[in-house]
Structures are given as structure tokens and as C-alpha cells.
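A structural walkthrough
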Amino acid sequence: MNRLLSVFFITGAILLLLGAVVYVTHWTYAPYIYTVGATLVALAQVNTPYKGTNRNIRRLRRQQLFGAFLLVVSGGFMMLTDKNEWILCLSVAALLQLHTAFRIPQEEKKEKEG
């Protein structure tokens, strides 16, 4: 099952990036490609639960899931608005994802060591 989640995440990340880049050309299907990619990334993250008791990792996982939710919401903004609200939503989601991508492994390393 872990391999399938990795495939979901990688495929979703590629589609997400492709949809965001192609959106600049005003191609009709770009928001849909982005949203499918964001959904795959969110599904991969939701289905990778943390079963430990570390409060910091639990907090970081909630932030990560909120970032995944914001990725999907920014796809909705791409489809429903003509302005650039989706860029703000995507920026917040990217910051959350980036922060948790570095902090979760640090906390897991601390937990193993001590």
C-alpha cells in the first residue's frame, strides 16, 4: 500500500505543478489538471497516518493536512474566480507543506534518539 501512496504523491505533484504552470497560458483544462494533482497529493497525505504519541508530530501532521486541503481549495479558486486569489492560497499551502516537510523528519529523529 505504501508504494501506491508514493505513486499517488509523485503523480499528483507532477500534475499539480503542470497545471499551475500551464494556467499562465489560460488553457481551459489547466485548473482541472491542477485540481486532480492536488487531490492526489492530499489523498496520499491523508492516508499516511501517524500512530505515535509525540504531540509535536501530531501538530505538524495537522498543519500538513491543512496545507493539503488548501492545495485543493486553490484549485477551486482557479476554476471559480477570474482573479489571482488562488496564488495566495497556493502560497500559504506551499509554506505549510515546506515547513512540515523539514520539521516532521527532525522530530521523528529526535523521538528515535531520545
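Below: a short report on this structure. Quantities reported herein were computed from a predicted structural model and do not represent experimental measurements.

Let's talk about the packing of aromatic side chains
- According to the stated counting rule, one finds three aromatic pairs in the structure shown.
- Taken together, a centroid distance of 4.9 Å and an interplanar angle of 70° make the contact between tyrosine 23 and tryptophan 86 edge-to-face. Of this pair, tyrosine 23 sits in the loop between helix 1 (2–22) and helix 2 (30–46) while tryptophan 86 sits in helix 4 (residues 85–113), placing them 63 residues apart in sequence. Assigned by exposure class, tyrosine 23 and tryptophan 86 land together as buried.
- Measuring from ring centre to ring centre gives 5.5 Å for tryptophan 27 and tyrosine 29, while their planes differ by 75°; the resulting arrangement is edge-to-face.
- The exposure class of tryptophan 27 is partly exposed, given its relative accessible area of 42%.

Quick word on the packing of helix 1 against helix 2
- Two elements in contact, helix 1 and helix 2, have axes separated by 7 Å at closest approach and are oriented at 150°. As judged from the angle between their axes, helix 1 and helix 2 are roughly antiparallel. Every pair of crossing elements has a handedness; the one defined by helix 1 and helix 2 is left-handed. Listed contacts from helix 2 to Leu5, Phe8, Phe9, Thr11, Gly12, Ala13, Leu15, Leu16, Leu18, Gly19, Ala20 and Val22 of helix 1 are Ala30, Ile33, Tyr34, Val36, Gly37, Ala38, Leu40, Val41, Leu43, Ala44 and Gln45.
- Class assignment of the residues belonging to the contact of helix 1 with helix 2 gives a composition of 18 nonpolar, five polar and no charged.

Considerations on the packing of helix 3 (residues 55–80) against helix 4
- The interhelical angle for the contact between helix 3 and helix 4, taken along N-to-C directions, is 160°, at an axis separation of 8 Å. On the basis of their axis angle, the class for helix 3 and helix 4 is roughly antiparallel. The handedness of the crossing between helix 3 and helix 4 is left-handed.
- Considered class by class, the residues forming the contact of helix 3 with helix 4 number 16 nonpolar, eight polar and seven charged.

Reading guide: rules and limits
- Residues numbered from 1 in each chain as written.
- Predicted model: local features only at pLDDT ≥ 70, side-chain atom pairs only at ≥ 80, totals over all residues.
- Heavy atoms only, no water.
- Phe/Tyr/Trp six-rings, centres within 6.5 Å; stacked < 30°, edge-to-face > 60°.
- Helix = DSSP H or I, 4+ residues; strand = E, 2+ residues; numbered from the N terminus.
- Buried < 20%, exposed > 50% of the residue type's maximum accessible area, 1.4 Å probe, protein only.
- Axes fitted to C-alpha atoms, helices over the stretch in contact; angles between N-to-C directions.
- Parallel < 35°, antiparallel > 145°, perpendicular 65-115°, else oblique.
- Left-handed = near helix turned anticlockwise from the far one by under 90°.
- Contact = heavy atoms within 4.5 Å.
- Nonpolar A, V, L, I, M, F, W, Y, C, P; charged D, E, K, R; others polar.

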